[in-house]
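This is what each chain is made of:
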Amino acid sequence: METSEKLVCGLTEPQIEALKKKHGFLVVVDVRQGENTFNAIFKEPTFEVLEATGAIGKNSEIKGTIALYENCVVKVDDEINQRDFAKLKALEGLAQHMNSFSVSVKNL
């Protein structure tokens with residue numbers, strides 16, 4: 001039986017839904033190199049994760065970045081997981097998600 005379902009990180013839609021129930025809001029990041037596209041699924045960082053990785057980052061930005069990646073990654077294609085630079089690019093996608101929020105202010 002052939003399926004036309006598009007897998008993300010090798011996961012089916014029901015498996016992704018199970019991850020959403022476990023981790024909450026998830027973000028999928030596409031990392032492209034040439035004709036190849038790889039995926040990483042991240043959960044949003046909590047205040048605790050941001051505080052901890054920020055503290056680590058004061059001494060070493062790379063170590064802080066690695067800690068953020070390790071605390072937020074849920075599932076990733078092997079091609080990303082095996083390459084440090086690809087991990088950084090995937091995390092850049094998570095940062096874009098964090099920057100995608102907009103706010104407005106109104107005096108009461």
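Residues numbered from 1 in each chain as written. Predicted model: local features only at pLDDT ≥ 70, side-chain atom pairs only at ≥ 80, totals over all residues. Heavy atoms only, no water.

With respect to the overall build of the chain
When helices and strands are tallied, the chain shows five helices and three strands. Helices and strands appear in the chain in the N-to-C order α-β-β-α-α-β-α-α. Taken along its principal axes, the extent of the C-alpha atoms in the chain is 55 × 40 × 30 Å. Classification of the 108 residues of the chain by burial places 29% in the buried group. Taking the contacts inside the chain whose residues are at least 6 apart along the sequence as the reference set, 49% of them involve residues at least 24 apart. (Helix = DSSP H or I, 4+ residues; strand = E, 2+ residues; numbered from the N terminus. Buried < 20%, exposed > 50% of the residue type's maximum accessible area, 1.4 Å probe, protein only. Contact = heavy atoms within 4.5 Å.)

As for the side chain of histidine 97
Assignment of secondary structure puts histidine 97 in helix α5 (residues 84-98). Owing to a relative accessible area of 12%, histidine 97 belongs among the buried residues under this scheme.

Re the nonpolar core
Note on soluble globular proteins: their nonpolar side chains tend to be buried together. Ranked by size, the top nonpolar core spans 16 residues in total, and within it Ala40, Phe42, Tyr69, Cys72, Ile80, Ala90 and Leu91 carry the most contacts. Secondary-structure elements contributing two or more residues to this core are β1 (26-33), β2 (36-43), α3 (61-72) and α5. Setting aside anything within four residues of it in sequence, one finds leucine 91 in contact with Phe42, Thr65, Leu68 and Tyr69. Membership of the second largest hydrophobic core comes to seven residues, among which are Val8, Cys9, Leu26 and Ile41. (Core = buried A, V, L, I, M, F, W, Y, C linked by side-chain atoms within 4.5 Å.)

Comments concerning the packing of aromatic side chains
Applying the stated rule across the entire model yields one aromatic pair. Judged by centre distance (5.8 Å) and plane angle (75°), the ring pair of phenylalanine 42 and tyrosine 69 falls under edge-to-face. With a gap of 27 residues between them, phenylalanine 42 in strand β2 and tyrosine 69 in helix α3 connect regions that are remote in the sequence. In this structure, phenylalanine 42 and tyrosine 69 share a single accessibility class: buried. (Phe/Tyr/Trp six-rings, centres within 6.5 Å; stacked < 30°, edge-to-face > 60°.)

A word on the sheet that holds β1
The strand order across the open sheet formed by three strands is β1-β2-β3, and the pairing between neighbours is antiparallel. The sheet is open, and its two borders are formed by β1 and β3 (73-76), each paired with just one other strand. Along the sheet, successive strands turn relative to each other by an average axial angle of 25°, direction set aside. As defined by bridge partners, β1 adjoins β2 across eight bridges and the pair is classed as antiparallel. Paired with valine 29 across the strands is alanine 40, a residue of β2. Its contacts with the sheet place helix α1 (residues 13-23) against β1, β2 and β3, and it is angled at close to 125° to β1. The strands that α3 touches are β2 and β3; relative to β3, the one it contacts most, it runs at about 80°. (Pairing = 2+ DSSP bridges. Axes fitted to C-alpha atoms, helices over the stretch in contact; angles between N-to-C directions.)

Keep in mind that these numbers describe shape and distance, not what the molecule does.
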